[in-house]
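# Coordinate inspection notes
One letter stands for each residue in the lines below.
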Protein chains: 2
Amino acid sequence: MRPLIADHLRNAGIQPSAQRVAVAEYVLATEDHPTADQVWAKVRKSFPMISRATVYNTLNLFVKKRLLRQFVLNDGKTVFDARVSRHHHFIDEETGRIYDLPWEALAVSKLESLNGFEVREYQVVVRGRAKNYSRRG
Amino acid sequence: MRPLIADHLRNAGIQPSAQRVAVAEYVLATEDHPTADQVWAKVRKSFPMISRATVYNTLNLFVKKRLLRQFVLNDGKTVFDARVSRHHHFIDEETGRIYDLPWEALAVSKLESLNGFEVREYQVVVRGRAKNYSRRG
DNA sequence: CATAGTTTTAGACTACTTCTAATTTTTAAT
DNA sequence: ATTAAAAATTAGAAGTAGTCTAAAACTATG
């Protein structure tokens, strides 16, 4: 169990356990946007006896403690995103792959004109096709 | 079976049936963003013997034929939205209610700067609190 | 090392959606 | 009208994703 990750969890107010560290090791480091079951599949490779419930519990705990964000796609799949800072999303309509877009890449104006709505956060969701000079799709 | 709705379906390439017209009558007219089961509940009032599978099939067909849009909330619920023209969404974090924001209410800039991504569509998703001089939340 | 609190576990359960395959309805051709 | 083919509908089974439960296993501390 790597001490750095354990400390990271402790700093977030989470008691580290072997299972939680195993989940954190994958999900906080990946740039994918995995579903809970994909996390379970990955983590089981290094920790074969971990249960599904624990993975779900752990992911929900991480979201509550703000180590992760949850993002629900238009097809209903719930994915997790280790990037907690503000950003937008690009969804490739062919592959389903989700890309993070830097916050500064887009600008939204006229938000102040939304009378009757108190804005807490927002993001732009862009759909289309990623051209494949990023090899990971 | 109202001829206008039947024609609307035919124009979209959908063979009208009594069931489809009953679903269309409600879901294409409402400003709510109902779930599939909410549509089923409503439609059964005028068409008590309609089956769940037909409602689901019909809604999916309408989405495919672009009479409806599907929108998945962050809590995982799938809702349908009869407003096919472009618009943004405001989600009230307390009530879960979704409001359509007019397309012109917000402006997104710098989309052209997304190198490597071919943009087909986009929308802004805003979260916060709706102040209640709209009485319907 | 006892105990209280926390975490994990397997599997049951729930909610939502799709699938299946049999039946009914519609369409189109005679 | 009759028929055959195609399309739509149906009830219920099956699949999926996620939560819950209650027992067992841990961990931290005195």
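Residues numbered from 1 in each chain as written. Chains lettered and ligands numbered in written order. Predicted model: local features only at pLDDT ≥ 70, side-chain atom pairs only at ≥ 80, totals over all residues. Heavy atoms only, no water.

### With respect to the overall build of chain A
Note the cut-off: Helix and strand assignments follow DSSP, with helices taken as H or I runs no shorter than four residues and strands as E runs no shorter than two, numbered in order from the N terminus. When accessible area is computed with a 1.4 Å probe and restricted to protein chains, residues below 20% of their type maximum are described as buried, those above 50% as exposed, and intermediate ones as partly exposed. For this analysis, residues touch if any pair of their heavy atoms sits within 4.5 Å. All accessibility values rest on the Shrake-Rupley procedure with a 1.4 Å probe; residue burial counts only the protein chains present in the view.
Of the regular secondary structure elements, chain A holds four helices and six strands. Listed N to C, the secondary structure of chain A is α-α-α-α-β-β-β-β-β-β in terms of helices and strands. If you line up chain A on its principal axes, its C-alpha atoms span 50 × 35 × 25 Å. Burial status across chain A gives 44% buried among its 137 residues. In chain A, of all internal contacts separated by at least 6 residues, the share reaching a separation of at least 24 is 46%. Split by element, the accessible area of chain A, about 7,600 Å² in all, is 48% carbon and sulfur.

### Some details on the protein's contact with DNA strand D
Which entries qualify depends on this criterion: We call a residue near a given molecule or strand whenever any one of its heavy atoms falls within 4 Å of it. Whenever two N or O atoms come within 3.5 Å, that pair is a polar contact, provided that in protein one can donate a hydrogen and the other can accept it, and provided that, for residues adjacent in sequence, both atoms are side-chain atoms.
As a matter of local geometry, DNA strand D sits amid 17 residues, with Arg52(A), Tyr56(A), Ser17(B), Arg20(B) and Thr54(B) nearest to it. Close to the protein, within 4 Å, the atoms of DNA strand D belong to sugar or phosphate groups at a rate of 77%. With respect to DNA strand D, the side chain of Arg20(B) contributes an N or O atom lying 2.8 Å from a phosphate oxygen. The separation between a phosphate oxygen of DNA strand D and a polar main-chain atom of Met49(B) is 3.2 Å.

### Comments concerning helix 3 (residues 36-46) of chain B
All names here are of chain B. Which entries qualify depends on this criterion: This arc describes the spread of directions from the helix axis toward the C-beta atoms.
Along helix 3, the residues that are buried comprise Ala36, Val39, Trp40 and Val43. All buried residues of helix 3 lie within an arc of 100° about the axis, which places them on one face of the element. Packing partners of the buried residues in helix 3 comprise helix 2 (18-27), helix 4 (52-64) and strand 2 (78-81).

### Things to note about the domain arrangement of chain A
Residue and element names in this part refer to chain A. The following threshold applies: The split into domains, and so the bounds of each, comes from an automatic or database assignment of domains. Once two parts are joined, some of their accessible surface, as seen by a 1.4 Å probe, is lost; buried area is that loss totalled over both.
According to the domain assignment, chain A consists of domain 1 (3-72) and domain 2 (85-128). Placing the centre of domain 1 and that of domain 2 at their C-alpha centroids yields a distance of 25 Å. With four residues of domain 1 at the interface, the matching set in domain 2 holds eight residues. Here domain 1 packs against domain 2, burying approximately 550 Å² in sum over the two surfaces, 54% of which is carbon and sulfur. Looking at the side of domain 1 facing domain 2, the largest losses of area belong to His33, Arg69 and Phe71, adding up to 89% of the total buried there.

### Digging into the protein's contact with DNA strand C
The condition that has to hold: Here the term charged refers only to Asp, Glu, Lys and Arg, the term nonpolar to Ala, Val, Leu, Ile, Met, Phe, Trp, Tyr, Cys and Pro, and the term polar to all other amino acids, Gly among them.
Every one of the 17 residues lining DNA strand C counts as a neighbour, but Ser17(A), Gln19(A), Thr54(A), Arg52(B) and Tyr56(B) are closest to it. A breakdown of the atoms of DNA strand C within 4 Å of the protein gives sugar and phosphate a share of 79%. Where the surface near DNA strand C is concerned, the elements lending two or more residues are helix 2 (18-27) and helix 4 (52-64) of chain A together with helix 4 of chain B. Grouping the amino acids of the surface near DNA strand C by side-chain chemistry returns six nonpolar, nine polar and two charged.

### Things to note about the relation of the copies chain A and chain B
To go from the first copy of the chain to the second, apply a rotation about an axis and then a shift along the same axis. Heads up, the condition is: A least-squares superposition brings the copies together, and it is based on the C-alpha atoms of residues with pLDDT no lower than 70 in both.
If you rotate chain A by 177° and push it 0.1 Å along the axis, it lands on chain B with an RMSD of 0.5 Å. Expressed as a symmetry operation, the mapping of one chain copy onto the other fits a two-fold axis. Most of the interface of chain A is mirrored in chain B, where 98% of its interface residues are also at the interface.

### Focus on unusual backbone geometry
One non-glycine residue, Arg66(A), lies in positive phi territory at about 65°. The residue Arg66(A) is located in the loop between helix 4 and strand 1 (69-72) in this model.

### Description of helix 4 of chain B
In an α-helix, one full turn covers 3.6 residues, which means residues spaced three or four apart are oriented alike. Residue and element names in this part refer to chain B. For the record, the criterion: Working rule for helices: expected span equals 1.5 Å times residues minus one.
The first and last C-alpha atoms of helix 4 sit 18 Å apart over 13 residues, in line with the 18 Å expected at 1.5 Å per residue. The complete set of buried residues in helix 4 reads Val55, Thr58, Leu59, Leu61 and Phe62. Projected down its long axis, helix 4 shows its buried positions confined to an angular sector of 160°, all on one face. Turned more than 90 degrees away from the buried face of helix 4 sit Asn57 and Lys64, all of them exposed. One or two residues past the end of helix 4 sits Arg66, with phi positive at roughly 65°.

### Some details on the packing of helix 3 (residues 36-46) of chain A against helix 4 of chain A
Residues and elements named next belong to chain A. We apply this condition: Structural elements are reduced to axes, namely lines fitted to C-alpha atoms, with helices fitted over the stretch in contact, and the angle between N-to-C directions of any two is expressed from 0 to 180 degrees. The scheme is simple: roughly parallel for angles under 35 degrees, roughly antiparallel for over 145, roughly perpendicular for 65 to 115, oblique for anything else. Should the near helix be turned anticlockwise from the far one by less than a right angle, the crossing is left-handed, and should it be turned clockwise, the crossing is right-handed.
Following both chains from N to C, one finds helix 3 and helix 4 inclined at 120°, their axes separated by 9 Å at the closest point. In terms of axis orientation, helix 3 runs oblique to helix 4. The two elements helix 3 and helix 4 meet at a crossing, and its hand is right-handed. Within the contact between the two elements, helix 3 uses Ala36, Asp37, Val39 and Trp40 and helix 4 uses Arg52, Val55, Tyr56 and Leu59.

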